[in-house]
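Residue-level structure breakdown
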Amino acid sequence: MGNNAILTEKQEMELRKKIDDYVGKIQAEIDSLRADGTDKVISLQNHIDVTKRDRTITKEEKDRIIAKDMAELTKAKATEESNKNQISNLISDAEAYLKVHFDKDYYQPVCESCALEKQAANEKYQTKVAKLKMEHQEAVSKLSGQQEIKDEKYVFKNRLFDAKMGLEKDLHQIKDRRHAAYNHKYHLLDLLRMSKFTFMETRAQKWENYKYTFNRRAFLLQNGLYISILLIFIALCIITPIVKNTPLLTYNNVLNILQQASPRMFLALGVAALILLAGTDLSIGRMVGMGMTTATIIMHKGINTGSVFGHIFDFTGMPVIVRVILALVVCIILCTFFTTIAGIFTAKFKMHPFISTMANMLVIFGLATYATKGVSFGAIESSIPEMIIPKINGFPTIILWAVAAVAIVWFIWNKTTFGKNLYAVGGNPEAASVSGISVFAVTVGAFALAGILYGFGSWLECVRMTGSGSAAYGQGWEMDAIAACVVGGVSFTGGIGKISGVVTGVFIFTALTYSLTILGIDANLQFVFSGIIILVSVTLDCLKYVQKK
């Protein structure tokens, strides 16, 4: 195929004109049939809706206008119904023509032309670079002074940069041309069907738009960490059978990962809202220790052997289900109480959450350790785990608790006013305040929501571990929760993050920790892996933020 296959703009329009004329003729017939039918139905329905919301006219006037519109609407719907089959046949005729002729007679020639144009643009660039290098060498050979040579090198670099920019401009124009040709088919279908596309057509348009807007640098910034972790996990899946003679990626191992991730999901969902507000929470681990201890005391098997402030509790007189509910309620109340206090100090006195939650961490750990003397309270009633998180055919139902938490928090973030305000305050608290949003209420609300989730998560962990609660339990869990959010794309700059990212982050960290444990990697070295992942995550997040600015 020679250069004569490169289409001029006029030639391309001539190819498209045949298609536009045929489909345009059908479109004109459809438009005339829709004028007194579908178009009028839409117009009257809109007018009725506007009339109903209009507060400047009386009820009697509204009823009169609506009654008139409804009478016309009935006629318009009848016309629409009578023309339905004829319009459908016309649309089918146009679609059949497009299917046969669009790609063959128009889109494929444009794509071939664009491919040749791209090749020509690259050849033009290479020729330009070679010419610039030759001119540069000739110019340098005639110069003797160091400064003159330095200036010539600077000019040469600028000329190379201009040539590169010229190439990128040409390539982008070629890319635009091919993209516009592709979209023209969907433009015609859009007019024919009034913006109704099939599922596959919608997928095809999204894939084309993704390819058109794809940027390698942005893609790597967005997904580079996930790709690296995926490669590490694949490497672990290969290494583990060799070193330990046991496969890593088995059904039971996957269930174990999901089971371990479930209580941690509550913690990550809680702190995610605080990170969304450009904050954090250092007290999560101590909240877990306090909740575990509290839940174990209430659900303890028999009379407690340890004391709290010198008092030994005995809840054995209560029915087991009552003790389970009481433990959950007390865990939530205690955790919410402390997070709300931190939230009030953060919102009222503009204190950084790092300080308010660090104070919480120290207070909680000090009180819990002093009250219990740091002892473990043993096991809970053996019937409770089977009651709350039974295994059905080997499937741990604790996973369903996490799924429910994800669904509820997703709904709060995306479908409620509080969720929208959360994003607004996180993105720009000053602008949110000016627009009438209470920054104080949103901040305290986010901390209170976090407390509820911490309480639920610590209670669930107590049930999963069948007790053994102590004030020291949960140490370091705050790092896991925060890291999971950051890896999942919840930005420390505020106002950016998705629930799906939090879920992904929790699974990534739990799976990585589980894999390293099976491989026999020392627990202390696992902190090194976590630290590196956090550092890389935040670095990529900062780079994205700087790039946007």
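Attention here is on the structure that accompanies the text. (Residues numbered from 1 in each chain as written. Predicted model: local features only at pLDDT ≥ 70, side-chain atom pairs only at ≥ 80, totals over all residues. Heavy atoms only, no water.)

A closer look at the overall build of the protein chain
Scanning the protein chain from N- to C-terminus turns up 18 helices and 2 strands. Dimensions along the principal axes, computed over C-alpha positions, put the protein chain at roughly 95 × 95 × 55 Å. Burial status across the protein chain gives 41% buried among its 549 residues. Looking at the protein chain as shown, the accessible area adds up to about 30200 Å², and 62% of this sits on carbon and sulfur atoms. If the 58 positive side-chain charges of the protein chain are averaged to one point and the 47 negative ones to another, these points end up 5 Å apart. (Helix = DSSP H or I, 4+ residues; strand = E, 2+ residues; numbered from the N terminus. Buried < 20%, exposed > 50% of the residue type's maximum accessible area, 1.4 Å probe, protein only. Areas by Shrake-Rupley, 256 points an atom, 1.4 Å probe, with all protein chains shown as cover. Lys, Arg positive; Asp, Glu negative; His and termini not counted. Charge placed at Lys NZ, Arg CZ, Asp CG, Glu CD.)

Topic: helix H12 (residues 398-415)
With 18 residues, H12 extends 26 Å between its outermost C-alpha atoms, agreeing within 8% with the 26 Å of an ideal straight helix rising 1.5 Å per residue. Of the positions making up H12, those classed as buried are Ile398, Ile399, Ala402, Ala405, Val406, Val409, Ile412 and Trp413. Taken end-on, H12 shows its buried residues confined to a sector of 150°, consistent with a single buried face. For H12, the exposed residues set more than 90 degrees away from the buried face come down to Ile408 and Lys415. Considering only its buried residues, H12 is in contact with helix H7 (251-276), strand S2 (395-396), helix H13 (417-427), helix H15 (439-464) and helix H17 (499-519). (Expected span 1.5 Å × (residues − 1). Arc of directions from axis to C-beta. Contact = heavy atoms within 4.5 Å.)

Considerations on a nonpolar patch on the surface
Side chains of Leu220, Ile227, Leu230, Leu231, Ile234, Ile238, Ile239, Ile242 and Val243 sit close together on the surface and give an oily, nonpolar patch of about 830 Å² of accessible area. Take leucine 231: it is sitting in helix H6 (residues 216-244). (Patch = residues over 30% accessible without salt bridge, like charges linked within 9 Å, V, L, I, M, F, W, Y side chains within 5 Å. Salt bridge = Lys/Arg side-chain N within 4 Å of Asp/Glu carboxyl O.)

A short note on the state of the cysteines
The tally for this structure, following the rule as stated, stands at 0 disulfides. There is no disulfide at cysteine 331, and the cysteine sulfur nearest it, in cysteine 335, is 6.3 Å away. (Disulfide = S-S within 2.5 Å.)

Description of the pattern of salt bridges
Two side chains with opposite charge may pair up if their charged atoms get near one another. Within this structure, the stated rule accounts for 14 salt bridges. The shortest N-O distance in the salt bridge between aspartate 170 and lysine 124 comes to 4.0 Å. With a gap of 46 residues between them, aspartate 170 in helix H4 (residues 146-193) and lysine 124 in helix H3 (residues 59-141) connect regions that are remote in the sequence. Note on lysine 124: relative accessible area 57%, which makes it exposed. Look at the salt bridges and you will find they share partners, linking Glu12, Glu117 and Arg177 into a network.

Some details on the packing of helix H9 (residues 320-348) against H15
Between H9 and H15, the shortest axis-to-axis distance is 7 Å and the interhelical angle comes to 150°. The angle between H9 and H15 places the two elements in the roughly antiparallel class. Like other packed secondary-structure pairs, H9 and H15 cross with a definite hand, here right-handed. For the contact of H9 with H15, a count of residues per class yields 17 nonpolar, 9 polar and 1 charged. (Axes fitted to C-alpha atoms, helices over the stretch in contact; angles between N-to-C directions. Parallel < 35°, antiparallel > 145°, perpendicular 65-115°, else oblique. Left-handed = near helix turned anticlockwise from the far one by under 90°. Nonpolar A, V, L, I, M, F, W, Y, C, P; charged D, E, K, R; others polar.)

Section: the packing of aromatic side chains
One pass over the structure, following the stated rule, counts 18 aromatic pairs. Ring centres of tryptophan 401 and tryptophan 459 lie 5.7 Å apart, and the angle between their planes is 70°; on these two criteria the pair is classed as edge-to-face. Of this pair, tryptophan 401 sits in helix H12 while tryptophan 459 sits in helix H15; the two residues are 58 residues apart in sequence, bridging distant segments of the chain. A relative accessible area of 27% places tryptophan 401 in the partly exposed class. Tryptophan 459 gets classed as buried once you look at its relative accessible area, which sits at 2%. Ring centres of tryptophan 413 and tyrosine 423 lie 5.9 Å apart, and the angle between their planes is 85°; on these two criteria the pair is classed as edge-to-face. (Phe/Tyr/Trp six-rings, centres within 6.5 Å; stacked < 30°, edge-to-face > 60°.)

A few points about the side chain of glutamate 117
By secondary structure assignment, the location of glutamate 117 is in helix H3. The exposure class of glutamate 117 is buried, given its relative accessible area of 17%. Those residues in contact with glutamate 117, other than ones at most four positions away along the chain, are Ile6, Leu7, Ile174 and Arg177.

A few points about the nonpolar core
Of all hydrophobic cores here, the largest spans 76 residues; its most connected members are Leu269, Met299, Trp413, Tyr454 and Trp459. Looking at this core, the element that brings in the most residues is H7, giving 13 residues. Contact partners of leucine 269, with chain neighbours within four places excluded, come to Ala405, Val406, Val409, Leu453, Ile499 and Val502. Within the second largest apolar cluster, 31 residues are counted, among which are Cys114, Tyr125, Phe156 and Tyr182. (Core = buried A, V, L, I, M, F, W, Y, C linked by side-chain atoms within 4.5 Å.)

Examining the side chain of threonine 510
Along the chain, threonine 510 falls in helix H17. Given a relative accessible area of 7%, threonine 510 falls into the buried group. At 2.7 Å, the side chain of threonine 510 and the backbone oxygen of valine 506 are in polar contact. (Polar contact = N/O pair within 3.5 Å; in protein donor to acceptor, adjacent residues only side chain to side chain.)

Some remarks on the environment of alanine 446
In this structure, alanine 446 sits in helix H15. Residue alanine 446 is classed as buried on the basis of its relative accessible area of 0%. For alanine 446 and leucine 274, which are 172 residues apart along the polypeptide, the C-alpha to C-alpha distance reads 6.4 Å. Setting aside residues up to four positions removed in sequence, alanine 446 forms contacts with Ala273, Leu274, Leu277, Phe418 and Leu422.

The values are spatial; any link to function lies outside them.
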